[in-house]
Amino acid sequence: MKTKTNTKPAITGGTPVRQEFLPYCKPFIGKEEISAVSKVIKSGWLTTGPKNKEFEEEAAKYLGINPKCAVLVNSYTSALHLALVCSGIKQGDEVITSPYTFASTANVIVHCGARPVFVDVEKDTLNINPELIEEKITDKTRAIIAVHFAGHSCDMDAITKIARKHDLIVIEDAAHAFGTKYKGLQCGTLSQFGCYSFYATKNLTMGEGGMIICPTPDVAERVRMLKLHGISKDAYKRYEQSGSWYYEVEECGFKYNLPDIQATIGLEQLKKYPLILQKRKEIAKLYKDAFFDVQEITCMPEKNYCSHIWHLFTIRLDFSKLNINRDAFIEALNKEKIGTSVHFIPLTLHRFYQQEFKYTSKDCPVAAEEYSKLISLPLYPSMKKKDVRDVINAVKKLINHYRR
Ligand SMILES: *Cc1c(COP(=O)(O)O)cnc(C)c1O
């Protein structure tokens, strides 16, 4: 019997490519994490403690850095805030970054009293365009935050060269890039500070969590103090036999410490991390191969200086060749039972940055233009080959139907 090919979009009354909805994202959590969490809970040590230290040591080993320079905190946002505080960013300063990021990158600049200065992105990688940085440097500029979008590294040599010339601090937003390599070196360790996120959707997750890589053990000691109210002894030592009840507030710090419950999830994730990255790469390759000869689709590049960890698989659609726009395409994919997302709405398009800092949609035109063409497809280690095939079929089905 000949099987009828499924060509009518579900949004117009056709049959969806699959029956069960495929979510955009799912954490890769197994019994190892569950049993590790249960051990921590039974141990009675729920807040920052030995598991934090263990994670810092194991992560430092993975990254090839001094473990004294790695400090766990409760989010990337906290990590970046501490990086900016330790960089001396204050009222009236300017910090350069890309608009192609999550709100937290720029919000933290604002919390320091500084102005976020958005520099447009490279059209292909959607990372900050080094060629456009110098024209935005003023005598108030103090730092550059380089966002490694989707797990593809920025052109760090070009950025570092500009920073040295103008005496600026470089901070890496490596929220997407734990394990990404730039010219063989780990992203997040290539400048003064590197900040990672271990949020629920990230490649390595603790549910919530973050880590900051500091330039020296001394700076890291200050970060350890600042992440717990700026007091001289951390809770870990305070409640040990060797600790004491005495502490002193040395600086006005924050409440940014990470519970051991989270850290222990991270330790289990770290053990599987090579497998996690391997699976992500395999799925990315299936997508790339499938879309290679589809004219309307461009996949994100992998430049020769970068080893990509595929935090996101973002496709770019040429809507000039299609009778549908991006938002409707997402809706149609949803009706095919495929979950998707969009990364990111450029920060120059958000009301707060427009009202407070007078950005308009004309600033960073490349970011604004590319944003309207992008869709992030599901990519996570627990996806089956059939799931990947369903996504590919759904995208191709819609392209064929809406082709002009
Ligand atoms: C997830 C993400 C963040 C925020 O991380 P948190 O750990 O939730 O604070 C910041 N920047 C980028 C690029 C992100 O994707």
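The structure under discussion appears in the preceding block.
Every chain begins its residue count from 1, and numbering advances along the sequence as written. With pLDDT at 70 or above as the cut-off, local features in this predicted model cover only qualifying residues; side-chain atom pairs require 80 or more to be listed or tallied, and sums for whole chains, interfaces and linings still use all residues. Think of the side-chain values as coming from all heavy atoms in the structure, minus any hydrogens and water.

Student: Where do I start with the overall build of the protein in this structure?
Tutor: Numbered from the N terminus, helices here are DSSP runs of H or I no shorter than four residues, and strands are runs of E no shorter than two. Secondary structure assignment for the protein yields twelve helices and 13 strands. Both definitions apply: the radius of gyration is a C-alpha atom measure, and the globule rule equals 2.2 Å times residues to the power 0.38. In terms of C-alpha radius of gyration, the protein reaches 22 Å, essentially the compact-globule figure of 22 Å for 404 residues. With respect to the principal axes defined by its C-alpha atoms, the protein has extents near 80 × 55 × 35 Å. Only heavy atoms enter the contact rule, under which two residues are in contact if any of them lie within 4.5 Å. Partitioning the contacts of the protein with sequence separation of at least 6, the portion at a separation of at least 24 is 73%. Working note: accessible area of the protein is about 18,600 Å², and carbon and sulfur atoms make up 53% of it. Once the 56 positive and 46 negative side-chain charges of the protein are each reduced to a mean point, those two points are 7 Å apart. Only the protein chains shown count as cover for residues, with accessible areas throughout obtained via the Shrake-Rupley method and a probe of 1.4 Å. Residues scored as positive are Lys and Arg, those scored as negative are Asp and Glu, and His as well as the terminal groups of each chain are ignored. Where a charge lies is defined by one atom per residue type: Lys uses NZ, Arg uses CZ, Asp uses CG and Glu uses CD.

Student: Looking at this structure, how should I read the site of the ligand?
Tutor: Here a residue counts as near a molecule or strand whenever at least one of its heavy atoms sits within 4 Å of it. Taken together, 15 residues lie around the ligand, and Tyr-76, Thr-77, His-176, Ser-197 and Lys-202 are the ones closest in. Definition of a polar contact: a pair of N or O atoms within 3.5 Å, with one able to donate and the other able to accept a hydrogen when the atoms are protein atoms, and with sequence-neighbouring residues admitted only if both atoms are side-chain atoms. One of the backbone nitrogen or oxygen atoms of Tyr-76 is found 2.9 Å away from an oxygen atom of the ligand. At a separation of 2.5 Å, an oxygen atom of the ligand approaches a polar side-chain atom of His-176. Considered on its own, the ligand offers 390 Å² of accessible surface; in the complex 92% of this is hidden by protein. Within the residue set of the shell around the ligand, elements represented by two or more residues are α3 (76-86) and α4 (103-111). The residue classification treats Ala, Val, Leu, Ile, Met, Phe, Trp, Tyr, Cys and Pro as nonpolar and Asp, Glu, Lys and Arg as charged. All others, Gly included, are polar. Taken together, the residues that form the shell around the ligand break down as five nonpolar, eight polar and two charged.

Student: Explain the nonpolar core to me, please; I cannot follow it from the model alone.
Tutor: Nonpolar side chains tend to gather and get buried jointly when the protein is soluble and globular. Residue types Ala, Val, Leu, Ile, Met, Phe, Trp, Tyr and Cys, when buried and joined through side-chain atoms within 4.5 Å, form a set referred to as a nonpolar core. Buried residues are those whose accessible area, probed at 1.4 Å on protein chains only, stays under 20% of the maximum for their type, while exposed residues exceed 50% and partly exposed ones sit between those limits. In this structure, Phe-55, Tyr-100, Ile-133, Ile-159, Phe-178, Phe-198 and Met-211 are the most contacted members of the largest nonpolar core, which totals 60 residues. Ranked by residue count, the leading element in this core is helix α8 (residues 260-291), at six residues. Listed in part, the 33 residues of the second largest apolar core include Ala-284, Phe-291, Ile-375 and Tyr-402.

Student: Explain the packing of α3 against α4 to me, please; I cannot follow it from the model alone.
Tutor: Packed helix pairs are characterised by how far apart their axes lie and by the angle those axes make with each other. Remark: α3 packs on α4, axes separated minimally by 9 Å, with the N-to-C direction vectors making an angle of 40°. Judged on the interaxial angle alone, α4 and α3 are oblique. Where α3 crosses over α4, the two elements pack in a sense that is right-handed. For the pair α3 and α4, the contacting residues are Tyr-76, Thr-77, Leu-80, His-81 and Leu-84 in the first and Ser-104, Thr-105, Val-108, Ile-109 and His-111 in the second. Along the lines of polarity and charge, the residues of the contact of α3 with α4 split into five nonpolar, five polar and no charged. Fitted lines through C-alpha atoms give the axes, limited to the stretch in contact for helices. The angle between two N-to-C directions lies from 0 to 180 degrees. Here roughly perpendicular refers to angles of 65 to 115 degrees, roughly parallel to angles under 35, roughly antiparallel to angles over 145, and oblique to all remaining angles. Helix crossings get a hand from a simple test, with the near helix turned counterclockwise from the far one by less than a right angle marking a left-handed crossing and a clockwise turn marking a right-handed one.

Student: Is there a simple way to explain the sheet that holds strand β4 (residues 141-147) in this structure?
Tutor: Backbone-to-backbone hydrogen bonds pair the strands of a sheet. The strands run either parallel or antiparallel. Any two strands between which DSSP finds at least two bridges are classified as paired. Pairing is mixed in the open sheet, where seven strands are placed in the order β1-β9-β8-β5-β4-β2-β3. Strands with a single pairing partner mark the edges of an open sheet, and in this sheet they are β1 (70-73) and β3 (115-118). Ignoring strand direction, the axes of neighbouring strands in this sheet form an average angle of 20°. Here strand β2 (residues 94-97) pairs with β3 via four bridges, running parallel. Residue Val-95 lies in a different strand from β3, and its bridge partner there is Pro-116.

Student: Explain the sheet that holds strand β11 (residues 306-307) to me, please; I cannot follow it from the model alone.
Tutor: Judged by pairing direction, the sheet is antiparallel, and its three strands sit side by side in the order β7-β6-β11 without closing on themselves. If you trace the sheet from one side to the other, it starts and ends with β7 (185-186) and β11, each paired once. Strand direction decides the pairing type here: strand β6 (residues 181-182) and β7, joined by two bridges, are antiparallel. Looking at the pairing, Tyr-182 lines up with Leu-185 of β7.

Student: Explanation requested: the environment of Gly-230 in the structure shown.
Tutor: Relative to the helices and strands, Gly-230 resides in the loop between α6 (217-226) and α7 (235-238). Every residue in contact with Gly-230, bar those within four places of it in the chain, is listed here: Met-225, Glu-248, Val-249, Glu-250, Glu-251, Gly-253 and Phe-254.

Student: Explain the packing of helix α9 (residues 326-335) against helix α12 (residues 385-402) to me, please; I cannot follow it from the model alone.
Tutor: α12 packs onto α9 with a crossing angle of 130° between their chain directions and a minimal axis gap of 10 Å. When the axes of α9 and α12 are compared, the pair comes out oblique. When you trace α9 past α12, the crossing you get is right-handed. Side by side, α9 and α12 meet where Phe-329, Ala-332 and Leu-333 of the first sit next to Ala-394, Val-395, Leu-398 and Ile-399 of the second. Broken down by class, the residue content of the contact of α9 with α12 amounts to seven nonpolar, no polar and no charged.

Student: What am I meant to see in α3 here?
Tutor: Side chains that are three or four residues apart share a direction in an α-helix, a result of its 3.6 residues per turn. Of all eleven residues that make up α3, nine are buried, and the element is covered over most of its length. Buried within α3 are the following residues: Tyr-76, Ser-78, Ala-79, Leu-80, His-81, Leu-82, Ala-83, Leu-84 and Cys-86. The opening residue of α3 is Ser-75, an N-cap whose side-chain oxygen sits 3.2 Å from the backbone nitrogen of Thr-77. Phi turns positive one or two residues past the end of α3, at Gly-88, with a value near 75°.

Student: Quick question: what am I supposed to make of the packing of aromatic side chains here?
Tutor: The description of an aromatic ring pair rests on the distance of the ring centres and on the angle between the ring planes. The rule is short: rings of Phe, Tyr and Trp, with Trp giving its six-membered ring, pair when the centres are within 6.5 Å, and they are stacked under 30 degrees, edge-to-face over 60, tilted in between. Under the criterion given, the structure shown has 21 aromatic pairs. Taking 5.9 Å as the distance between ring centres and 65° as the angle between the ring planes, the aromatic pair formed by Phe-149 and Phe-344 counts as edge-to-face. Placement of the pair is Phe-149 in the loop between β4 and α5 (156-166) and Phe-344 in the loop between α9 and α10 (351-357), with a sequence separation of 195 residues. Take Phe-344: its relative accessible area is 10%, and that puts it in the buried class. Taking the centre distance of 6.4 Å and the plane angle of 15° together, the rings of Tyr-196 and Phe-198 count as stacked.

Student: Is there a simple way to explain the environment of His-350 in this structure?
Tutor: Here His-350 shows up in the loop between α9 and α10. In this structure the C-alpha to C-alpha distance between His-350 and Ala-103, which are 247 residues apart in sequence, comes to 9.2 Å. Within the local environment of His-350, its side chain forms a polar contact with the backbone oxygen of Ile-345, the two atoms lying 3.3 Å apart.

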